[in-house]
Every structure is written in C-alpha cells, then in structure tokens.
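Each chain, written out:
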Amino acid sequence: MAKCGAVASINQTGAGIRLPNFCNLGVMLRSLLVVNSLLAAAAVVRAPSPDAIWLEFLVMAAFGEPVLIASIVVLCAARRFLGAIGYPAAIAVIAVFELAITGLLFQASSSFLPFPGGMTFAQVALASLFMVAVVLGYFDLRARALSPAVAEARIQALQARIRPHFLYNSINAVLSLIRTEPRRAERALEDLADLFRVLMAENRTLAPIGNEVELARQYLALESLRLGERLKVTWHTETMPADAMVPPLILQPLVENAVYHGIEPSEAGGEIVIVVARDAGRVLMELTNPLPGATKRTAGNRMAIDNIRERLQLHYDAEASMSSEVRDGRYRVTIRIPYLAAGA
Amino acid sequence: MLVEKDVARILIADDEAPARARLRDLLDECRASFPLAIVDEARNGREALEVLNREKVGIVLLDIRMPEIDGMEAARHIAGMPEPPSIIFTTAFDSYAIKAFEVNAIDYLLKPIRVERLLAALNKTRAAPRPSREALDAAANQPRRHLSVHERGKIILVPLAEVLYLRAELKYVTVRTADREFLVEESLTRLEEEFSDAFVRVHRNCLVARAAISGFERNAEDSDSGWAVVVKGTGEKLPVSRRQHHVVKQFR
C-alpha cells in the first residue's frame, strides 16, 4: 500500500522488500540525483577533452531527462499495480517498460538529435537498464539499511517512551484509590491496560489519528489522577481529519514530555494545549507546554524527539516536518505530515 | 499506656495527593506494631522544611522528585540541623538516585511501597545511624538551589541566586546577599566545587557570583595583585589575589 511508501519490511531475506513509492517527493529527488550523477560520470569518461564535458553532459541529459521524468510519472501512477504483483514481477515489468520508452524516444529523437559517437540503440538500451538497476538497487539498500532501525526504534520506543517513573507512580496512585474510590481505580487500570496494549503492539503500520488522540487522552487521564489540578489540558480538534492515518505513538510521547518537563517540576502546574488540525493537504499536530524556569532539558526529552523524527523520516522521507521552539516561556513542538486518508 | 516520647512523629512529603493518601493508609496499618503519629504533610521540600521549623518531627518520609525544592536538596538541608529527624526516601523510579543510595548506604523505599517494607524501614530508624551530610552530598547529582542557615534551631533558606559572594572566615563562611549576611558551616572548597558554574574564586578566602561582578578596579588596597572586584549593588570591593589574577582578564 502506498501509505507505507519507502518503509521496507524488517524481513532480512528480501521477500518483504518493496518498491519505493515514486509519488514521494524524497524518492523523486533521490532518483533524479542518482541518474544525473551517473550521466555526469558518463560525460566525464566519454568527453575527448575537459572542455567538452559540459556539452557531452547536455546532450546526454537531453535524452536521459525525458526518459527519467516519464518513468517517474508512470511509476507513480502504476504504484498500486506494481505493488500488487510482487517485487520480482515488478522489476521485470519496469525493465520492459524502460526498454520500451527508451526505444520510443530513441526513434523519435534520432532524426534531430545527433547522438554522440553514434551510439547504437543496443548501447543506449543497456545504459538505460543499467541506470534502472542502480536506482532500484540504491532504494533496496536504503530500505535494508533503514529497516533494522525500525525494530531498534521500536525497542528504544518502549524504553524511552513510557518512563518507568510514570508506570510506578500510576500504579501507586491506583493503589491509593482502591479502598476509597474503587470505581475510579477500575477506570484507571483500564486506561493503563489500553495504553500498554498499544505500547506492546507491533507499530509498523499507520493507524487512524483518532486512535492516537484517544490514547493521549487516556494517558492524560492517568496523569491527572496523580497531578490533580496542577494539570490542565486544552484540546483543539475541531478541524481534525478523523480518517487521517499517522504513525502510531506519535502524539503520546510528546504529551508525556510536556507533562514531565512542563507540569511536574512546577508547584502551580500549568496548561498543555494540543492542536490537531487539517492544514491544506497536510495534518498538523502542535503541542505547547509551560517551561518552568529551573528545569534542565534532559536527555530523555531529546531521545523522544529524535525517536519521532526518525520514524517520520522512515514513513514519509522528506514530506514530513518537525520543529520545536521556545517562545514566551512556552515550549512548542510542531509536526506536519502528509494527509493520507484511510483506505487510500 | 504509651508514653508520649515513644510515639514516632512522622512527616509525609510528596507532591502527589494519591501518593500521600497511600502513605497515610500504610502508616495506619503500621500503627499497631509501631506507635506513630502523622504530624503533617508537605507538597514539596520547602513545605517540609517549614513544618520541621514548626514541629518536632522524628521521621520524614521524603519523595525525591518534587517541585520547588526536591527531596535530595531538602535532605541535605535537614542533615545540617542540630537534631535532624531520620529520613526515609521514597521514589517511583529514579535510576541515578537509587544507584547513589546503594553506594552511600542510604535507605529508600520504592513506590508502590509494601507495608512490610515500610514497617522495616520505620523500625530501622530506631537503631541505624542517620545518613551523614557527606553521604547525602555524595549521592546528590546536582547543586543545591539554596544554602541553609541555622538560626535558633530554625532553617532559613537563602536562594543561591541572591548570593553575591561567599567569604571564608575562621570556621564559618559568610554568605552575603544584597540585604544581609549569614553564617554557614561549610567549607569554601566544597562550595566552590558544587557551585562552579555560578561562582568564581577571586581569592583564597572568597568566591564571587559571576552575575554579581559589576567590574574590576585597579590599585586597590589590601590586594597583592593590585586588583579588586567591584560587587554589583553594594559597591563593595573584594581583593583579587595574584594567583587568581587571570579571572580579571577572563571577565574584561
């Protein structure tokens, strides 16, 4: 499915390796870069003198660029079909398609474009296939290089994400309720169970944003059990696209950070403001919390932020953004991700 | 019939209401085998010290992570009291503190606390020596935010941010703020180590707050380097020794 884009399976045997999503801006840019580097290298080798390198590159680019752009457009359009037929079959289809488009352009251009050195169709076709192999090989290697990171990030997530501090304090709070307010204790244990169900799950596929918001609410319910009136939360979810798919556990760690660094160190507490909204073709998540004076930004915070940044990169390549800033005594973190509706 | 002095007077310090409620419940269960009275409850280290100034307390159940003044810092102030109460630390999870407690043989309880463990810790306070100020200092991983001055059996907290300079005089250190002076029983060398970020040594007997330096003056009297620090606000001049002369260049 398109939503998984460049994220490959953890499976190391290669059976789970998928084609990159050529509709993704990052994938397009990387393809352009790889092919043009190869063209430039070929130009350097083929040019009779250093002065001729530029001309050589121009002539090759004049032929190569249309092939490349046409390929990306078609691969983007046909991504669902290619994804459905499996990786080896998709490779074969792409090879045949590339030969066809190269041949077509070769025929069309031979009348007005003097091909350098009088390269034959066989030579051009071979070069074209070679470039396809290099581009696909590059994405394959990249997916393999990044996929262990998914597993590692998940383990790290479990450790960094729910601070043991939170777990034990919550259990302690529930224990204090059992005698006096058994109903509230039950509710709290249910929230805790839901939270851990998500934390312990395989979190490699995207999930509806509504689940994320619900999870963050359950987490905050547990925290307000301990912190009482010190913790105030304001949600703005009026324009939230309920069908948007997002990486799981993207919001809860940020909320946990906000409580840990923004509310707990302060006697009076403070307010956390969470915005989930549709922002043109993207989903915007923004979270602000007070920054009590003497808190030092500990390693824990950085780890959670880096962790989310890495997962955004894995899921969306260059199409997601994450930024944080301190303004007017409040810490603000903003995430923008492409709006992918469920079932798209 | 129990004699009043056999009843352990206990203070609970924790910023979370449910955690305090839980401790109350557990202490109630201990009451049968360990006579006790809950004197008061505090929501942070500052409130705990205020209670100690007001009431006679034998045992403090002290949470480590609290706003304002945390448990570690409160304990270091408490340990300087003439007759300090016993301290039992409580914590949900704090890997650094736990390791430090183990190394320095300081007792602590992990939340959620079991009644048996609490009872054992209470009983231990009768026999075991209290953790020394040195052990607590060693266990702490960050500088205090206050200095504690003991006057007529009460603890006065002086925020470090208000201190202009610290000057060693015989066995005391004079703490100078804009308004007045205090005496504390600490070693200047130890203070220098603890507060090296905020203070700089200008003389064998003197540390000046970096933020309190308004300038330097030449040809100062009583100064072997010829230089003196001018203190912000009070305008006092503190001699800079020849050995610390590099400080002058560093700030100019």
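In this numbering scheme, every chain counts its residues from 1 along its sequence in written order. Labels follow written order: the first chain is A, the first ligand is 1, and so on. With the structure being a predicted model, the display of local features is reserved for residues of pLDDT at least 70 and the display and counting of side-chain atom pairs for 80 or more, all residues being used for whole-chain, interface and lining totals.

Next up on the list: the overall build of chain B. The numbering of helices and of strands both runs from the N terminus, where a helix is a DSSP run of H or I of at least 4 residues and a strand a run of E of at least 2. A tally of regular secondary structure across chain B gives eight helices and 15 strands. Judged by the C-alpha coordinates and their principal axes, chain B covers about 75 × 35 × 30 Å. Around each residue's C-beta, the other C-beta atoms within 10 Å are counted; 20 or more make the residue buried, 12 or fewer make it exposed, and counts in between make it partly exposed. All C-beta atoms are placed from the backbone. Taken over 252 residues, chain B has a buried fraction of 38%. Working definition of a contact: two residues with C-beta atoms, positioned from the backbone, lying within 7 Å. Pairs at least 24 residues apart make up 54% of the contacts formed inside chain B by residues separated by at least 6 positions.

The predictor attaches a confidence to each residue, called pLDDT, with possible values from 0 through 100. This prediction gives chain B a mean pLDDT of 90; 98% of its residues lie at or above 70. We note a pTM of 0.72 for the whole complex and an ipTM of 0.78 for its interfaces.

A separate point is the nonpolar core. General note: in soluble globular proteins, nonpolar side chains tend to be found buried as a group. Note on definitions: a nonpolar core is a set of buried residues drawn from Ala, Val, Leu, Ile, Met, Phe, Trp, Tyr and Cys, linked by C-beta atoms within 7 Å. V255(A), A48(B), V60(B), L61(B) and L62(B) are the most contacted members of the largest nonpolar core, which totals 79 residues. Ranked by residue count, the leading element in this core is helix α8 (residues 209-227) of chain A, at nine residues.

Here we come to the packing of helix α1 (residues 17-30) of chain B against helix α5 (residues 115-127) of chain B. Residues and elements named next belong to chain B. Between α1 and α5, whose axes approach to 10 Å, the crossing angle comes to 70°. Judged on the interaxial angle alone, α5 and α1 are roughly perpendicular. Relative to α5, the crossing made by α1 is right-handed. Within the contact between the two elements, α1 uses L26, E29 and C30 and α5 uses V115, L118, L119 and L122. In this count, Pro and Cys sit with the nonpolar residues alongside Ala, Val, Leu, Ile, Met, Phe, Trp and Tyr, while Asp, Glu, Lys and Arg are called charged and the others, Gly among them, polar. Of the residues in the contact of α1 with α5, the class split is six nonpolar, no polar and one charged. Only the stretch in contact is used when fitting a helix axis, every axis being a line fitted to C-alpha atoms; angles between N-to-C directions are given from 0 to 180 degrees. Oblique is the label for any angle not under 35 degrees, not over 145, and not in the 65 to 115 range, which are roughly parallel, roughly antiparallel and roughly perpendicular in turn. Each crossing gets its hand from how the near helix is turned against the far one by less than a right angle, where anticlockwise is left-handed and clockwise is right-handed.

Contact with chain A, which involves 20 residues of that partner, is made by 15 residues of chain B. Contributions of two or more residues to the side of chain A that touches chain B are made by α6 (164-178) and α8 of chain A. By residue number, the principal contributor to the side of chain A that touches chain B is α6(A), which donates 10 residues. Within the side of chain A that touches chain B, the residues separate by chemical class into 10 nonpolar, six polar and four charged.

The amide bond that connects K111(B) to the next residue, P112(B), takes the cis arrangement and shows omega of -5°. Looking at where P112(B) falls in the secondary structure, it is placed in the loop between β5 (108-110) and α5. Of note in the backbone geometry, A280(A) takes a positive phi value of approximately 55° without being a glycine. Looking at the element boundaries, A280(A) is found in the loop between β4 (270-279) and β5 (282-290). Phi is positive for L170(B), which is not a glycine, with a value near 50°. Here L170(B) is to be found in the loop between β8 (163-169) and β9 (172-177). Given 5 C-beta atoms within a 10 Å radius, L170(B) is considered exposed.

Turning to the confidence of the model for chain A, a few remarks are in order. All names here are of chain A. Here chain A averages 82 in pLDDT, while 84% of its residues score no lower than 70. Of all secondary-structure elements in chain A, the lowest mean pLDDT belongs to helix α5 (residues 121-161), at 74, while strand β2 (residues 231-236) reaches the highest, 97. Segment residues 1-16: pLDDT under 50, and 37 contacts once partners within four positions in sequence are set aside and those in other chains are kept.

Turning next to the sheet that holds strand β13 (residues 213-217) of chain B. Residues and elements named next belong to chain B. One open sheet holds the three strands; their spatial order is β13-β14-β15, and the pairing between them is antiparallel. Across the chains shown, the open sheet's two edge strands, defined by having one partner strand only, are β13 and β15 (237-239). On average, each strand axis in the sheet is inclined to that of its neighbour by 30°, with strand direction left out of account. Two strands pair under a simple rule: DSSP has to find at least two bridges between them. As paired strands, β13 and strand β14 (residues 228-231) are joined by four bridges and run antiparallel to one another. Bridge pairing in β14 places E217 opposite A228.

With 14 residues, α1(B) extends 20 Å between its outermost C-alpha atoms, agreeing within 8% with the 20 Å of an ideal straight helix rising 1.5 Å per residue. Close packing links the buried residues of α1(B) with α6 and α8 of chain A together with β1 (8-13), β2 (36-42), β3 (59-63) and α5 of chain B. Expected helix span is taken as 1.5 Å per residue step, with the number of steps being one fewer than the number of residues.

With that out of the way, let us pick up the pairing of strand β6 (residues 146-151) of chain B. Residues and elements named next belong to chain B. Strand direction decides the pairing type here: β6 and strand β7 (residues 154-159), joined by six bridges, are antiparallel. Looking across to β7, one finds that L147 is bridged to V158. Here β6 folds back onto β7, and the loop between the two strands holds two residues, one of which, R152, carries a positive phi near 45°.

Residue and element names in this part refer to chain A. Here we have five strands laid out as an open sheet, ordered β2-β4-β5-β7-β6, and mixed in their pairing. What marks the edges here is a single partner per strand, and that holds for β2 and β6 (321-327). Taking the axes of each pair of neighbouring strands and ignoring which way they run, one obtains an average angle of 15° across the sheet. Two strands pair when backbone bridges link them, and β5 and strand β7 (residues 330-338) are joined in this way by nine bridges, in the antiparallel orientation. Each residue of the ladder has a partner; that of P290, found in β7, is R330. Sheet strands touched by α8: β2, β4 and β5. Its angle to β2, the strand with the most contacts, is close to 165°.

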